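Close look at the chain arrangement
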Amino acid sequence: MSTLKELIQIANLTGVDQYIFVDQKGKIATHNIQDPKKTADMVFFCGKHLHAIGKTRLSHVIFSRKNQKDFFIFPFGDYYLGVIKKKSIDNFVLTENIIKFTKDLLELEKKTQ
């Protein structure tokens, strides 16, 4: 799995307000999110159920929120990534940024193994 240093770079992506990485057992790998335990549980349970529904075709899920700080969950290797977006960014732009970031990390990991 990618190093912690590489994972936390997600905070620098345009549109990312807060993030959390949770493993397949619900353990927090890293985060910069408020109330990480509660959020980790949500990301873990939603990620597990969404993976069962979408299998390998699932790229992400979005939970729209009234405050426009929508919540995203992405499968990422053996992890689930939860992201709260900034109000000022379009969901499509954020999604594209995160998908590119995760693909680049997975490719880097393959090259270093």
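Everything here concerns the structure above.
With that settled, consider the overall build of the protein chain. The secondary structure content of the protein chain amounts to three helices and five strands. Listing every helix and strand of the protein chain by position from the N terminus yields α-β-β-α-β-β-β-α. Scaling as 2.2 N^0.38, a compact globule of 113 residues should have a C-alpha radius of gyration of about 13 Å, and the protein chain matches this with 13 Å. Within the span of the protein chain, comprising 113 residues, buried residues form 39% of the whole. Within the protein chain, contacts between residues separated by at least 24 positions form 47% of all contacts whose residues are at least 6 apart in sequence. Total accessible area computed for the protein chain in this model is approximately 6900 Å², and 55% of it derives from carbon and sulfur atoms. Across the protein chain, the 18 positively charged side chains and the 12 negatively charged ones have centroids separated by 3 Å.

We now examine the packing of aromatic side chains. Under the counting rule described, the total for this entry stands at four aromatic pairs. Ring-pair connections join several aromatic residues into one group, and the members of that group are Y19, F21 and F76.

Next up on the list: the pattern of salt bridges. When their charged atoms lie close together, side chains carrying opposite charge are able to pair. Across all of its chains, the model carries four salt bridges by this definition. Notably, a salt bridge pairs K69 with D17, separated by 2.7 Å at the nearest N-O pair. Taken together, the residues K69 in the loop between β3 (61-63) and β4 (71-76) and D17 in strand β1 (residues 16-23) connect sequence positions 52 residues apart. A relative accessible area of 24% places K69 in the partly exposed class. As a salt-bridge pair, K37 and D41 come within 3.0 Å of each other at their nearest N and O atoms. One end of the pair, K37, and the other, D41, are both in helix α2 (residues 36-54), four residues apart, so they sit about a helical turn from each other.

To continue, consider the pairing of β4. Of all six residues in β4, five are buried; the element is thus mostly enclosed. Here β3 runs beside β4; their pairing, made up of three bridges, is antiparallel. The residue bridging I62 from the neighbouring strand is F72, located in β4. In terms of strand pairing, β4 meets strand β5 (residues 79-85) through six bridges, oriented antiparallel. Each bridged residue has a counterpart across the sheet, and for F74 the counterpart in β5 is L81.

Turning next to the nonpolar core. The biggest cluster of nonpolar side chains holds 17 residues, and the ones touching the most others in it are I10, V16, F21, L81, V83 and I98. Of all the secondary-structure elements, those providing two or more residues to this core are β1, β4, β5 and α3 (91-112). By residue number, the principal contributor to this core is α3, which donates four residues. Not counting residues within four places of it along the chain, the set of residues in contact with F21 comprises L7, I10, K27, I28, A29, T30, F76, Y79, Y80 and L81. With twelve residues, the next largest nonpolar core counts V22, V61, F71 and I73 among its residues.

Calculation rules
Starting from 1, residues in each chain are numbered consecutively following that chain's sequence as written. Residue-level local features of this predicted model are given only where pLDDT is at least 70; pairs of side-chain atoms are given and counted only at 80 or more, and the full residue set underlies all totals for whole chains, interfaces and linings. With hydrogens and water set aside, each side-chain value is computed from the structure's full complement of heavy atoms. Under the scheme used here, helices are H or I runs from DSSP no shorter than 4 residues and strands are E runs no shorter than 2 residues, and both carry numbers assigned from the N terminus. A radius of gyration in this sense is built from C-alpha atoms; the matching globule rule multiplies 2.2 Å by the number of residues raised to 0.38. Each residue is placed in one exposure class: buried if its accessible area under a 1.4 Å probe, protein chains only, is under 20% of its type's maximum, exposed if it is over 50%, and partly exposed if it falls in between. We call two residues contacting when some pair of their heavy atoms lies within 4.5 Å. Method for areas: the Shrake-Rupley scheme with a 1.4 Å probe, in which residue coverage is limited to the protein chains shown. His is not counted here, nor are the chain ends, while Lys and Arg score as positive and Asp and Glu score as negative. Taken as the charge location is NZ of Lys, CZ of Arg, CG of Asp or CD of Glu. Side-chain rings of Phe, Tyr and Trp (the six-membered ring for Trp) are treated as a pair once their centres are within 6.5 Å; stacked means planes under 30 degrees apart, edge-to-face means over 60, and tilted covers the remaining angles. Salt bridges are defined as contacts in which a side-chain nitrogen from Lys or Arg sits within 4 Å of a carboxyl oxygen from Asp or Glu. If DSSP finds at least two bridges between two strands, the strands pair. Buried Ala, Val, Leu, Ile, Met, Phe, Trp, Tyr and Cys residues that are joined via side-chain atoms within 4.5 Å together make up what is termed a nonpolar core.

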